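Structural overview
Spelled out from the first residue to the last, the chains are:
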Amino acid sequence: MLLAVIIPLLLAPISLYNNFSLVHRLDSAEEQLRMLSHMDELTGVFNRRYFFEQASRELERAKRHKNQFSVAILDFDNFKDINDVYSHLAGDAVLKHVAQICVAGLRQMDTFARYGGDEFIFLLPDTNAQQAKECLDRILEQIGASGFQFAGHNISIRVSVGVSVFRGNMSDFNALMREADFALYAAKHQGGMRVIAHRTLTEV
């Protein structure tokens, strides 16, 4: 009878530890799956789903505290040429390369994501048009000077960026996206490899 009492008492802590360990592993696996659902498989940056979740929160915060924030869309000027001349594998490598440069040039508070195809998108909290330009100009300079090579070929990379800045009278995030997209079109129309802000439709 004594053994019948003692043995369960000795085994109980082990069983409890195993249960806690299992719960921890399950929580870790769930967190990893959650993060994977937010990542772009090719480039390793955030995907558009995660971006719009963060953008929705930032929009509400800006309305509540009357803050500014900027949104920017980056699109390649010559991505089709890279695919056609150097192959789609080269195009994939270029996307990864540009994504890494963009991430390295941003603050921890910023959000950078693949928007789709050869487009990327930035969310820059507490940032006005001039500050956005300074940040994105540095990134474009890095991209232009990076000297990317693939399979022995030197590949020139050209991108354009359109910027929109939140204003208090904007009703939703779609208005920001439309302005950034329009500014991107203007940047391409002016020759590409530049940052254009929607409010002036000139280089700010």
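All figures in this text were calculated on a predicted structure; none of them were measured in a lab.

Attention shifts here to the packing of aromatic side chains. If you walk through the whole model with that rule in mind, you get nine aromatic pairs. A ring pair is formed by Phe46 and Tyr50, whose centres lie 4.0 Å apart and whose planes are at 20 degrees; its orientation type is stacked. With relative accessibility at 15%, the residue Tyr50 sits in the buried group. Considering the side-chain rings of Phe76 and Phe79, the 5.2 Å spacing of their centres and the 55 degrees angle between planes classify their relative orientation as tilted. Judged by its relative accessible area of 12%, Phe79 is buried. An aromatic cluster is built from Phe51, Phe52, Tyr115 and Phe173, whose rings are joined through pairwise contacts.

It is worth spelling out the nonpolar core at this point. In this structure, Leu74, Phe76, Phe122, Leu136 and Ile139 are the most contacted members of the largest nonpolar core, which totals 33 residues. Elements represented by at least two residues in this core include exactly strand S2 (69–76), helix H3 (79–86), helix H4 (88–104), strand S4 (119–125), helix H5 (129–145), strand S7 (159–165) and strand S8 (195–197). The leading source of residues in this core is H4, at eight residues. If near-sequence neighbours (up to four positions away) are discounted, Leu136 is found in contact with Ala72, Phe122, Val161, Val163 and Val195. Judged by nonpolar contacts, the second largest core, of 18 residues, contains Phe51, Ala62, Leu123 and Ala180.

When we look at burial in H3, the residues that qualify are Phe79, Ile82 and Asn83. Projection of H3 onto a plane perpendicular to its axis shows the buried side chains occupying an angular sector of 95 degrees, all on one side. Pointing more than 90 degrees away from the buried face of H3 are the exposed residues Lys80 and Val85. Those residues of H3 hidden inside the fold are in contact with S2 and H4. Phi turns positive one or two residues past the end of H3, at Ser87, with a value near 105 degrees.

Next up on the list: the pattern of salt bridges. According to the stated counting rule, one finds 10 salt bridges in the structure shown. Notably, a salt bridge pairs Asp75 with Lys188, separated by 3.2 Å at the nearest N-O pair. Note that Asp75 is positioned in strand S2 and Lys188 in helix H6 (residues 173–189), a separation of 113 residues in sequence.

Take the sheet that holds strand S3 (residues 111–116) next. Ordered by their spatial adjacency, six strands build an open sheet running S1-S3-S4-S2-S7-S8, and the pairing between neighbours is mixed. With one partner strand each, in any of the chains shown, strand S1 (46–47) and S8 form the two edges of the open sheet. As paired elements, S7 and S8 share three bridges and run parallel to each other. Paired with Val161 across the strands is Val195, a residue of S8. Contacts between H4 and the sheet are confined to S2, S3 and S4, with S2 contributing the most and set at about 155 degrees to the helix.

This paragraph deals with the environment of Ala197. Tracing the chain through its elements places Ala197 in strand S8. Among the residues examined, Ala197 registers a relative accessible area of 4% and is labelled buried.

The angle between the axes and the distance between the axes are what describe a pair of packed helices. For the pair H4 and H5, interaxial distance at closest approach is 9 Å and the crossing angle is 145 degrees. Relative to H5, H4 is oriented so that their crossing is right-handed. Between H4, through Val98, Ile101 and Cys102, and H5, the contact on the second element is made entirely by Ile139, Gln142 and Ile143.

A separate point is the environment of Phe69. With respect to the secondary-structure elements, Phe69 resides in strand S2. Residue class for Phe69 comes out buried when judged on its relative accessible area of 0%. For the pair Phe69 and Val165, spaced 96 residues apart in the sequence, the C-alpha separation amounts to 5.8 Å.

What counts as what
Residues numbered from 1 in each chain as written. Predicted model: local features only at pLDDT ≥ 70, side-chain atom pairs only at ≥ 80, totals over all residues. Heavy atoms only, no water. Phe/Tyr/Trp six-rings, centres within 6.5 Å; stacked < 30°, edge-to-face > 60°. Buried < 20%, exposed > 50% of the residue type's maximum accessible area, 1.4 Å probe, protein only. Core = buried A, V, L, I, M, F, W, Y, C linked by side-chain atoms within 4.5 Å. Helix = DSSP H or I, 4+ residues; strand = E, 2+ residues; numbered from the N terminus. Contact = heavy atoms within 4.5 Å. Arc of directions from axis to C-beta. Salt bridge = Lys/Arg side-chain N within 4 Å of Asp/Glu carboxyl O. Pairing = 2+ DSSP bridges. Axes fitted to C-alpha atoms, helices over the stretch in contact; angles between N-to-C directions. Left-handed = near helix turned anticlockwise from the far one by under 90°.

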